[in-house]
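Residue-level structural notes
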Amino acid sequence: MIVNKFTATFSNDEKTTSSKALLKYINKSAPKGYKYELLYPESHTYSLRKDKDDSTTFLIRLDFPMTFEGINVKNPQDLLELSYRVQKPIILDQTLQKGKNGQPPTLFSLTGEISKQSIVPSPFPKLKPLKVHWGNKSLDVPFKRIPFPSLSESRFESVGDSILDISLSINETTDETQIKTNINFNYLKTIDDYFKFRDFLENYSKGKVSLFSGHIKLKTEDDSEKKKVFKENDKLYSALHLIGKRLDSTIPFPQKITERDINKIKILFESYINNRIVKFKSQPNLKFTFNDNSNFSQIAPTLGKKNVRILVPLQKEIEFLTLSLQVIENQLYTNTTVKEIDLQNNTLVLEPNELDESFVYYQDPADSKEITFNDMLTKTTDAIDLDAVDFSILK
């Protein structure tokens, strides 16, 4: 007998009709108490079923114990249940269905051909989203049951397109539940997306998010580390958010970020948000190529001079994350030697001395005011070291 979780599938290509005489002839081979009936209308296959049974049933033969999906199964009920839990069909043994030692076949075909038979489980039902709570707020996480080879354990997981990854394991024998969660940062495409979920992410880092109406807290032993990481990352994301507003541009969420990216973001933040120049450690030899002839011509007369203070304004394209941005990069060197000037190719080579201090300030090319040498020199009194930039806003 097939329980209502399952449907039987049989391949049939031809159509035929049944007559009472034909059915009577076929049933001569049926054992006492059984009969053959047409499997379904216009089929050419007959199934063996109990006599005086008008329900839609048919008989199959199974040999127990048997191994199914790596598990030893001893009865039909467990086999059907396991098939459902792993969402895989039971492929029937054709030799058993044909009958052994005088047993009648469970299926009889007018063509003499019986295709491969299987019992296919019903699919898992669609589940309602799992509600995640913090404070007086909640978040719906798409959820589904997943196949798992066990008669006592069920597993569930969140559907991919969600900010929170959840895996849930329920042991039906011990009533124990195991929950694993993780933030799916791939769900965030822009910095604006981050701020849509910022409140949730902060509460998650503090272990204040719960499931099942607050009965289960998503708290782990590394909550203190989560808080620290959230705080550090939040400063960076907040800085990018402010830069995006300043540029009137959408900033992508940094799935991967390099030290070079962070340094450029630090200079952008201090230049565009705090209006402060950044002190950095220069390289022993520096080569610049100018696109702006007027800036280059101002520097050209310094060739061969030592221990000079020099402002190098470069109009350039900087790249960070996946963005390209046009800026004027103003670099100030307080003690350097002009080693080479190529008038034809507009190139400049500097050799900073031991006492040199180097500063940088990004300027929006759309700004009408040009940064002068004296402007940069004045700003050095309030400069911040590159390593000291922590994305704090000046008051």
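Owing to the predicted nature of the structure, the values given are computational and were not obtained by experimental measurement. Per chain, residues are indexed from 1 in the order of the written sequence. Note on the predicted model: pLDDT of at least 70 is required for a residue's local features to be given, and 80 or more for side-chain atom pairs to be given and counted; whole-chain, interface and lining totals, by contrast, use all residues. The basis for every side-chain value is the complete set of non-hydrogen atoms in the structure, without hydrogens or water.

Considerations on empty space enclosed by the protein
Using the following cut-off: Note on definitions: the grid is 1 Å and covers protein atoms alone; a cavity is a set of points where a 1.4 Å probe fits but cannot get out; a pocket is an open set with protein on both sides within 12 Å along at least five of seven lines; lining residues have an atom within 4 Å of a point. Grid points are joined across faces, edges and corners, and a volume is the space filled by probe spheres set on the points. Comment: elements are numbered from the N terminus, with helices defined as DSSP H or I runs of at least four residues and strands as E runs of at least two. The nonpolar class holds Ala, Val, Leu, Ile, Met, Phe, Trp, Tyr, Cys and Pro. Asp, Glu, Lys and Arg form the charged class, and all remaining residues, Gly among them, are polar.
Per the counting criterion, the structure on display carries one cavity of 30 Å³ or more. As a volume, the largest cavity reaches approximately 30 Å³. As for the largest cavity, its lining consists of Arg85, Phe124, Arg145, Ile146, Pro147, Phe148, Ser150, Glu153, Ser154 and Arg155. Among the elements of the structure, β11 (143-146) and β12 (153-158) are those that each provide at least two residues to the lining of the largest cavity. The dominant element in the lining of the largest cavity, judged by the number of residues it contributes, is β12, at three residues. Classifying every residue of the lining of the largest cavity by side-chain character gives four nonpolar, two polar and four charged.

Thoughts on the sheet that holds β12
What counts, and what does not: Only strands that DSSP links by at least two bridges are regarded as paired with each other. In this description, a line fitted to the C-alpha atoms serves as the axis of each element, helices being fitted only across the stretch in contact, and the angle between N-to-C directions of two axes falls anywhere from 0 to 180 degrees. Contacts between residues were defined by any pair of non-hydrogen atoms, one from each residue, lying within 4.5 Å.
One open sheet accounts for four strands, arranged β11-β12-β13-β14; its pairing is antiparallel. In this open sheet, the two edge strands, each paired with only one partner strand, are β11 and β14 (176-183). Between one strand axis and the next, the sheet turns through 20 degrees on average, direction left out of account. The sheet contact formed by β12 and strand β13 (residues 164-171) spans five bridges and is antiparallel. Among the inter-strand pairings, Ser154 is bridged to a residue of β13, identified as Ile170. Along the sheet face, helix α5 (residues 198-205) touches β13 and β14 and points at about 125 degrees away from the line of β14.

As for the nonpolar core
Quick note on the threshold: Residues grouped as a nonpolar core are buried Ala, Val, Leu, Ile, Met, Phe, Trp, Tyr and Cys residues, joined through side-chain atoms within 4.5 Å. Only protein chains enter the accessibility calculation, which uses a 1.4 Å probe; a residue whose area is less than 20% of its type maximum is buried, one above 50% is exposed, and one in between is partly exposed.
Of all hydrophobic cores here, the largest spans 46 residues; its most connected members are Val132, Ile163, Leu164 and Phe200. For this core, the element with the most residues is helix α6 (residues 223-247), which contributes six residues. When residues no more than four places from it in sequence are discounted, the contact partners of Ile163 are Leu139, Asn182, Ile183, Asn184, Tyr187, Leu188, Phe197, Phe200 and Leu201.

Some words on unusual backbone geometry
A negative phi holds for most residues other than glycine; trans holds for most peptide bonds. The omega torsion across Phe64 and Pro65 is -5 degrees, close enough to zero to call that bond cis. Looking at where Pro65 falls in the secondary structure, it is placed in the loop between β3 (45-50) and β4 (66-68). With phi around 55 degrees, Asp248 is a residue other than glycine that occupies positive phi space. Counting through the fold element by element, Asp248 comes out in the loop between α6 and α7 (259-273). Take Asp248: its relative accessible area is 73%, and that puts it in the exposed class.

Structural notes on the pairing of strand β21 (residues 347-352)
The buried count for β21 comes to five of six residues, which makes it a mostly enclosed element. Relative to β21, strand β18 (residues 286-289) runs antiparallel, the two sharing four bridges. In the strand pairing of β21, Phe288 is matched with Leu348. Taking the residues that link successive antiparallel strands as the turn, the strand β20 (residues 323-342)-β21 hairpin has four residues, and the phi of Asn346 there is positive, at about 55 degrees.

Re the pattern of salt bridges
This is how the line gets drawn: Whenever a carboxyl oxygen of Asp or Glu lies within 4 Å of a side-chain nitrogen of Lys or Arg, that contact is scored as a salt bridge.
Under the defined criterion, the tally for this structure stands at 17 salt bridges. Note that Arg85 and Glu81 form a salt bridge whose closest N and O atoms lie 3.1 Å from each other. One end of the pair, Arg85, and the other, Glu81, are both in helix α2 (residues 76-86), four residues apart, so they sit about a helical turn from each other. A salt bridge links Asp364 to Arg246; the shortest N-O distance between them is 3.6 Å. Note that Asp364 is positioned in the loop between β22 (358-363) and α9 (373-379) and Arg246 in helix α6, a separation of 118 residues in sequence.

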